[in-house]
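One letter stands for each residue in the lines below.
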Amino acid sequence: MDISSMLIAIIIYLGAATTCVLVFERLGFGVILGCIAAGIIIGPNTPGPILSSSVSELQNIAELGVMLFLFTVGLELRPQKVWALRRLIFGLGSAQMILTAIIMTGYLIIFFHTPWESAVIVGLGLSMSSTAIVMGTLGEKGELPTEHGQTAFAVLMAQDLWVVPVMALVPILAHSTGEADAIPLWQTICKVAGVIAVILLSGHYLLPRVLGYCAKHRQINAFAMVLFLAVITAAWMVDYAGISITLGAFLLGMLLSASDFRYQIEATVAPFKETLMSLFFVTVGMSIDVNSLINNWSTLLVHVPIIVGFKCMVISVIALAFGIKRAPAIRTGFYLSQVGEFSFVLFAAAAGTELLSSEGHTLAMLVIAVSMILTPIMVKTGNKIADLFLAKLQTLVEGPAEGLERHVVVIGFDEVSQLIAKMLEKANIPYVVFDKDFAVVQQGKASGYNVHFGDMNSFETQSVAGFSKANAAFVNASSRSKTKALAISLHRLYPELSIYARVQTLADQSYLVNNGITHARTSYIESTMVVGGILLKNLGIKEESVNELVTFFRNNDYELVGDGSVSSDNN
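Residues numbered from 1 in each chain as written. Predicted model: local features only at pLDDT ≥ 70, side-chain atom pairs only at ≥ 80, totals over all residues. Heavy atoms only, no water.

Student: How do you make sense of the pairing of strand β5 (residues 498-503) when you look at a structure like this?
Tutor: Bridge count for strand β4 (residues 472-475) against β5 is four bridges, and the pairing is parallel. From the neighbouring strand, Val475 faces β5, where its bridge partner is Ala501. Inspection of the sheet shows β5 paired to strand β6 (residues 519-522) by four bridges, in the parallel sense. Opposite Tyr500, over in β6, you have His519 as the bridge partner. (Pairing = 2+ DSSP bridges. Helix = DSSP H or I, 4+ residues; strand = E, 2+ residues; numbered from the N terminus.)

If you want it as structure tokens, here you go:
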């Protein structure tokens, strides 16, 4: 490929990916589905410009993004924390694999009359979930530290460990490998153990010293090269041993989680990780054969929802059996309902040994791709079901916030809201707090705050909050757009209610004031005024002059800040 063709290919790839991501994010489906759609558009199986017909080669490159992502996940988890998840990894994860594989195998034998050898391999493949999609979505939503995020992570780690025995089953069930050529399972296990031992020793003793040398001599370029050399070597080693490359990268990241270089490592890896992760999802879309999808649409329409639904149900039930709370168990099941990228490799190996026919292999590939496409919808559905359950539980267990009059309703519960609640409490003014994050609600209750679970966009929750009897509301939603929309909505529904809104920018403040929210204020401006006043006093400016200056800014709505005369270079 000459330079001109390469540049055109890059333009097509970036143009399609950017357009689809913008459209799909606008529709609320997220980055991942947008990248998959871009891959379908520019892939070799659809009319129009083709970026590349070498989908498998691109996928191999793009898997480096998944590897780097799991490396950064490892940076967030110290070995002690991973060890604390051992019951979920080895217990819940293995139980999920076995039970889901049994159900899927029986389903294939009964409804597709698949030979049992092929059904076992396909059933095991369908039991696995997509590390790239699940971890990417959890990271995008900031849900990895939650209970369902940790549970999903544990199951995915267990599935990676299952790669070795599952791949070892292919030649055994295919009866295509003689005893002289077959590698005994005990040798494979010894190889895996040896590789993991080398990674652990190198990551704990050797790599930190080399990175320390580079940092001490301010060799940032060498620091980055050593880091990537270590990650890619660890991935190659576990791939040689027959394990998923993500496990090696994760182990190395976990070993570096307690080092002094953690934040520099994250900054070094981040740009490459995001780009390659996006490329991975584009290649998933490129692997979808649209003609086969059209020809098999009726089969897929029936069986994909059944497979995804069964998998979701099994994971949720097993999570409950292992002590996971009902709402996180539901979310975990919906998050892990798709079929994972490892199944591409497994089914290709099965087709190579004639365990799968060409038609069966094509259909299996479509099931994987369609289930991946459905993931954002499944996640949204799971969250809604979990939220409905939590809302019902909240009503049954704690009841509405009754008996309050001339109280203050605080919406959103972060550090600022906690301070507001403490001030109201000290002033003997009744208040009630609502937040949509149940984990935050539980932490708030444990700390003694009058906080409840609920979505304030719901009329039922507004009734429970007692807005008709309230004196004021403090709106501190999770995003700028939600704060503005909710403040304006409450002002129109309850015109007698005093609305206090915490906004991020002066533009947002002006917008709300123009819409009748007279008590909209920016938090960062006020805190900066306080710090600036202290600075001026310490520099010898009289307190009276400082107070006059602060008052001038407030009376003029910070016009010197908002008129564009001050800019930042973001340094």
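What follows picks up the thread again.
Student: Mind showing me how you'd approach the environment of Ser127 here?
Tutor: Relative to the helices and strands, Ser127 is located in helix α6 (residues 116-127). Note: C-alpha distance between Ser127 and Leu99 (28 residues apart in sequence) is 8.7 Å. Among the polar contacts listed, one links the side chain of Ser127 to the backbone nitrogen of Ala101, at a separation of 3.0 Å. Separated by 2.7 Å, the side chain of Ser127 and the backbone oxygen of Gly123 make a polar contact. (Polar contact = N/O pair within 3.5 Å; in protein donor to acceptor, adjacent residues only side chain to side chain.)

Student: What is the right way to look at helix α16 (residues 326-335) in this model?
Tutor: When you tally the buried positions in α16, you get nine out of ten residues, the bulk of the element. For α16, every residue scored as buried is listed here: Ala327, Pro328, Ala329, Ile330, Arg331, Thr332, Gly333, Phe334 and Tyr335. (Buried < 20%, exposed > 50% of the residue type's maximum accessible area, 1.4 Å probe, protein only.)

Student: What should I look at first to understand the packing of aromatic side chains in this one?
Tutor: The geometry of an aromatic ring pair is captured by two quantities: the separation of the ring centres and the angle between the planes. Taken as a whole and judged by the stated rule, the model has seven aromatic pairs. With a centroid separation of 5.2 Å and an interplanar angle of 55°, the aromatic rings of Phe153 and Phe250 are classed as tilted. With Phe153 in helix α8 (residues 147-161) and Phe250 in helix α12 (residues 245-255), the pair connects residues that are 97 residues apart, well separated along the chain. As far as the burial class goes, Phe153 and Phe250 line up, both buried. (Phe/Tyr/Trp six-rings, centres within 6.5 Å; stacked < 30°, edge-to-face > 60°.)

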